[in-house]
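# Structure assessment
What follows is each chain in one-letter form.
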Amino acid sequence: MPKSIIAGIGMYVPENVVTNNDLLKYMDTSDEWIRERTGIEERRYAHRTRETTTTMGVEAAQIAIERAGITAQEIDFIIFATLSPDYYFPGCGVLLQRAMQMKEIGALDVRNQCSGFVYALTVADQFIKSGMYKNILVVGAEKHSFGLDFSTRGRNVSVIFGDGAGAVVLQSSDEPGRGILSHHLHSDGNSAEILAMYNPGTHANYWKEETLANFNDAEIGDLFFSHAMIDKAQVFPYMDGPAVFKKAVEKFPEVILEALTANGLTTQDLAMLIPHQANLRIAQFVQKKLQLRDDQVYNNIQKYGNTTAASVPIALCEAWEKGLIKNGDLVCLAAFGSGFTWASSLLRW
Ligand code: UT7
């Protein structure tokens, strides 16, 4: 059976650096609060009109493809993970296919939020292992800055998120001592609404019949997207931060140990853990719980904030560019977020 290797990796973050102090213009917060609670010092915001989730994905993809030593024409399939697509539909995968003038290959969007990249990598790996494709472009990209509540009302969410993109070329290989070993994917929909963006959505269909009886058909259409939703801030992401935190610190170590145990390995074998960059305190908790040394965990949330589906490939790319990951090293990617969904991938770089 063919194995998958990461043959090329790239990242892109917008030029515009937004410090914690810059946010004071919009909301009642402080540099001290943000640093202490999250570890974030600054984040990047995309250009309002010239940059989109897709354009950032393209920038990262170009680097990944070049580093893989192939051309965009040799990509067999695209998997694009994002929660902030250019359009509600179609997805970013086809927009990237068009922008990069690729062949009429398949394009799939993954909507798994923070664990989106790990899920996307898992899907790509199956296509490689089955022999169906040789080169798959896997992208994680987000433009959060377009849709956050920058008033004090939304400060618990808006200070955390940043924009950016990461991409890898997953390639079929028989190179000994390298390749993806396993993936472990999980979900628990019981907490779907505690980290979510409800609108626009069809959930109004679940409203009680007697409530709907008070609306005519045109008004029911309005339930999909209405002025009232904007007035009530129901068009912004909602998060019960402490509840998410509590679950994250339970599930991160669990899914990392699951990956190691399944392969007969221990935390001591790990050269590098790349956790989804949700909160530095979460990553530090996981490090302590697993008794990992500082050089076994890579964090860059300080510079970029939480870039959701882009955070794992951005951190992986940066760690590799700094020479912290070498061929044959055991690397674990792990993520937890909205859904809840959580996942890990274990690989020999
Ligand atoms: O990647 C997706 C997954 N997401 C996560 O993993 C996030 C997990 N959760 C967290 O990272 C943390 O819960 C947060 C960073 C979001 C919040 O930190 P916290 O320590 O849990 O704070 P809190 O929500 O319990 O709020 C504490 C206080 C509140 O004030 P009172 O009620 O104690 O007076 C908030 O109103 O901090 C206040 N607060 C802020 N103050 C200044 C909330 N946001 C801010 C802010 N600046 N930005």
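See the structure above.
Inspection of every chain in the model, using the stated rule, returns 10 aromatic pairs. Look at W320 and W349: their rings are 6.5 Å apart centre to centre, the planes differ by 40°, and that puts the pair in the tilted class. Placement of the pair is W320 in helix α13 (residues 311–321) and W349 in the segment after β13 (341–348), with a sequence separation of 29 residues. Of the residues examined, W320 reaches a relative accessible area of 29% and is grouped as partly exposed. A ring pair is formed by F336 and F340, whose centres lie 4.9 Å apart and whose planes are at 40°; its orientation type is tilted. There is no split in this pair, since F336 and F340 are both buried. Put simply, the rings of F252, F336, F340 and W342 pair up and form one aromatic cluster.

It is worth spelling out the sheet that holds strand β6 (residues 135–142) at this point. The pairing of strands in a sheet happens through backbone hydrogen bonds and is either parallel or antiparallel. Taken together, 5 strands build an open sheet; the order of strands is β1-β7-β6-β4-β5 and the sheet is mixed. For this open sheet the edge positions go to β1 (3–12) and β5 (106–110), each flanked by a neighbour on one side alone. Recorded for the sheet is a direction-independent mean angle of 20° between the axes of neighbouring strands. Note: β1 against strand β7 (residues 164–173), 9 bridges, orientation antiparallel. By the bridge assignment, K3 is partnered in β7 with S173. Taken strand by strand, helix α4 (residues 92–99) contacts β4 (77–81), β5 and β6, and its axis lies near 130° from that of β4. Each of β1 and β7 touches α13; the most contacted strand, β1, lies at about 90° to it.

Conventions and cut-offs
Chains are numbered independently. Their residues run from 1 in the order of the written sequence. Per-residue local features of the predicted model are confined to residues with pLDDT of at least 70, and side-chain atom pairs are confined, for both listing and counting, to 80 or more; whole-chain, interface and lining totals are unaffected and use all residues. Side-chain descriptors were evaluated using all non-hydrogen atoms of the structure, hydrogens and water having been removed beforehand. Here the aromatic set is Phe, Tyr and Trp, taking the six-membered ring for Trp, and pairing holds for ring centres within 6.5 Å; pairs whose planes are under 30 degrees apart are stacked, those over 60 apart are edge-to-face, and all others are tilted. A run of H or I in DSSP counts as a helix once it spans at least four residues, and a run of E counts as a strand once it spans at least two, with each numbered from the N terminus. Working definition: with a 1.4 Å probe on protein chains only, accessible area under 20% of the residue-type maximum means buried, over 50% means exposed, and in between means partly exposed. Here, strands pair whenever DSSP counts at least two bridges between them. Only C-alpha atoms enter the line fits that serve as axes; for helices the fit covers just the stretch in contact. Angles between N-to-C directions range over 0 to 180 degrees. Residue contacts are counted whenever heavy atoms from the two residues lie within 4.5 Å of one another.

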